[in-house]
Amino acid sequence: PVRWGFIGASTIAHEHMVNAVRLAGHEVVAIASGSHARAAQFAAEHGIPFATDSVDALLARPDVEAVYISSTNDRHCAQVLAAAAAGKHVLCEKPLAMDVPDAQRMVDACRAAGVLLGTNHHLRNAATHRALRDLVRAGAIGKPLFARVHHAVYLRPLVQGWRIHDPAAGGGVIRDIVVHDVDALRFVLGSEPQEAVAMTQSAYLATQGLEDGVMAVLRFSDGLLAHVHAAYTTRNTVTSIEILGDQGSLVARDVMTVQPVGSVMLRDADGERPVELAQENLYARGVALFASALRGQGAPAATGEDGVRSLAAALAVAESAQTGQRVRIPA
Ligand code: NDP
């Protein structure tokens, strides 16, 4: 088994990732938090043997082979660089960093240190998203021309903190949700977004100039146009991905989520039918792929490079909304 150190006593670590590591057959041997009390409480709750308020102390432990980083977004870069310097493989949360140069520096540092870097874009592990990708690839809808991602949800009160109040921590719905949406599109379509136009909304949750809603249009390398709609402020909504091709369409409902749920419908000249899916825990699959990759087999669901590219597209959306201009996404 791979022995993991966790950096960040976060909600996602608490709710999903400890369980995911164990489901995949690996161990969590250490937890580091900015606060000793929070690290100790997290360790006690999850039966983790070592707790510390020092990332360096965690990275110095020889029993830690890989780290999972789920601190606030502003801390990812420095923590990944430190992990690489300590020779630890890294699975880092999205968005990889606050800006593209930092994210690229993280990729370069991990490559130079000979450690694996993965980005925890969990949606790539969803049976629904994988089915969409496979069907698109197989030509089931002909040439894909348009895609629409509906990811307008209500931000749970439990996590109504830095996401809506703290720009310095990397808050805002674009860095949080749009980065997932563009990554999902890159994965499903197998092409790259090249330019973006967008408008944001700050309806009632976000403060400090942060946005809590956004609509964006992205043009992909094959000419496809994608509409991405994300929000924290809407209750009782349905999330979805729709892909419209010149021969047919795919509609996936309830698929922008952390749970292994949702459906995919294919409509073509033969009519409409549900696609058969084998649902499984998204995070456990992500950990399993990462662990295989660090043993030399395959690749993480989303690599460090994927994290950079999806961040670049999300930040282009942010820049377009801010400037009112169409923004090119660096290749
Ligand atoms: P949290 O706000 O729960 O945790 C982030 C950090 O905030 C923690 O590492 C912790 O710092 C600090 N913190 C947590 N609780 C408290 C508290 N009560 N008082 C003071 N500080 C606290 O964030 P999330 O778990 O929602 O997100 C963490 C990261 O994971 C983000 O980068 C986010 O984008 C990503 N994420 C990814 C998801 C995915 O599906 N891929 C889903 C959700 C989040 P410390 O460690 O120093 O104690």
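Residues numbered from 1 in each chain as written. Predicted model: local features only at pLDDT ≥ 70, side-chain atom pairs only at ≥ 80, totals over all residues. Heavy atoms only, no water.

1. Details of the environment of valine 258
1) Next: Tracing the backbone shows valine 258 in the loop between strand 12 (249-253) and strand 13 (263-268).
2) Next: According to the relative accessible area criterion, valine 258 is partly exposed, its value standing at 32%.
3) Next: Separated by 24 residues in sequence, valine 258 and leucine 282 place their C-alpha atoms 7.1 Å apart.
4) Next: Apart from residues no more than four positions distant in its own chain, valine 258 is found in contact with His16, His122, Leu282 and Tyr283. (Helix = DSSP H or I, 4+ residues; strand = E, 2+ residues; numbered from the N terminus. Buried < 20%, exposed > 50% of the residue type's maximum accessible area, 1.4 Å probe, protein only. Contact = heavy atoms within 4.5 Å.)

2. Some remarks on the pattern of salt bridges
In a structure, side chains of opposite charge can pair up when their charged atoms sit close to one another.
1) Next: Considering all chains together, one arrives at 22 salt bridges under this definition.
2) Next: For lysine 94, the salt bridge identified is with aspartate 176, shortest N-O distance 2.8 Å. Of this pair, lysine 94 sits in the loop between strand 5 (89-92) and helix 5 (100-113) while aspartate 176 is found in helix 8 (residues 173-189), placing the two residues 82 residues apart along the sequence. Taken individually, lysine 94 and aspartate 176 each receive the classification buried, so the pair is uniform in this respect.
3) Next: Across the salt bridge formed by arginine 163 and aspartate 176, the nearest N and O atoms sit 2.8 Å from each other. (Salt bridge = Lys/Arg side-chain N within 4 Å of Asp/Glu carboxyl O.)

3. Examining the packing of aromatic side chains
1) Next: Counting across every chain of the model gives two aromatic pairs.
2) Next: Note on tryptophan 4 and phenylalanine 290: the rings are 5.5 Å apart at their centroids and 45° apart in plane angle, and the pair reads as tilted. Placement of the pair is tryptophan 4 in strand 1 (residues 3-7) and phenylalanine 290 in helix 9 (residues 282-294), with a sequence separation of 286 residues. Accessibility classification places tryptophan 4 together with phenylalanine 290 in one group, the buried group. (Phe/Tyr/Trp six-rings, centres within 6.5 Å; stacked < 30°, edge-to-face > 60°.)

4. With respect to the site of the ligand
1) Next: Around the ligand sit 25 residues, and of these Thr11, Ser33, Gly34, Arg38 and Tyr283 come closest.
2) Next: Within the side chain of histidine 76, a nitrogen or oxygen atom sits 3.1 Å from an oxygen atom of the ligand.
3) Next: Here the ligand, which alone exposes 890 Å², has 78% of that area covered by the protein.
4) Next: Contributions of two or more residues to the shell around the ligand are made by helix 1 (11-23), helix 7 (162-165) and helix 8.
5) Next: Along the lines of polarity and charge, the residues of the shell around the ligand split into six nonpolar, 13 polar and six charged.
6) Next: Two domains each donate at least three residues to the shell around the ligand, and these are domain 1 (3-122 + 284-298) and domain 2 (124-280 + 311-328). (Near = heavy atom within 4 Å. Polar contact = N/O pair within 3.5 Å; in protein donor to acceptor, adjacent residues only side chain to side chain. Areas by Shrake-Rupley, 256 points an atom, 1.4 Å probe, with all protein chains shown as cover. Nonpolar A, V, L, I, M, F, W, Y, C, P; charged D, E, K, R; others polar. Domains from an automatic or database assignment.)

5. Observations concerning a nonpolar patch on the surface
1) Next: A cluster of nonpolar residues, Leu145, Phe146, Val197, Val217, Leu225 and Leu244, forms a patch on the protein surface that exposes about 410 Å² of accessible area.
2) Next: Leucine 145 sits in the partly exposed class, given a relative accessible area of 34%. (Patch = residues over 30% accessible without salt bridge, like charges linked within 9 Å, V, L, I, M, F, W, Y side chains within 5 Å.)

6. Structural notes on unusual backbone geometry
1) Next: The amide bond that connects lysine 94 to the next residue, proline 95, takes the cis arrangement and shows omega of -20°.
2) Next: The residue proline 95 is located in the loop between strand 5 and helix 5 in this model.
3) Next: The phi dihedral of glutamine 208 falls on the positive side, at around 60°, and the residue is not glycine.
4) Next: In this fold, glutamine 208 is placed in the loop between strand 8 (193-201) and strand 9 (213-220).

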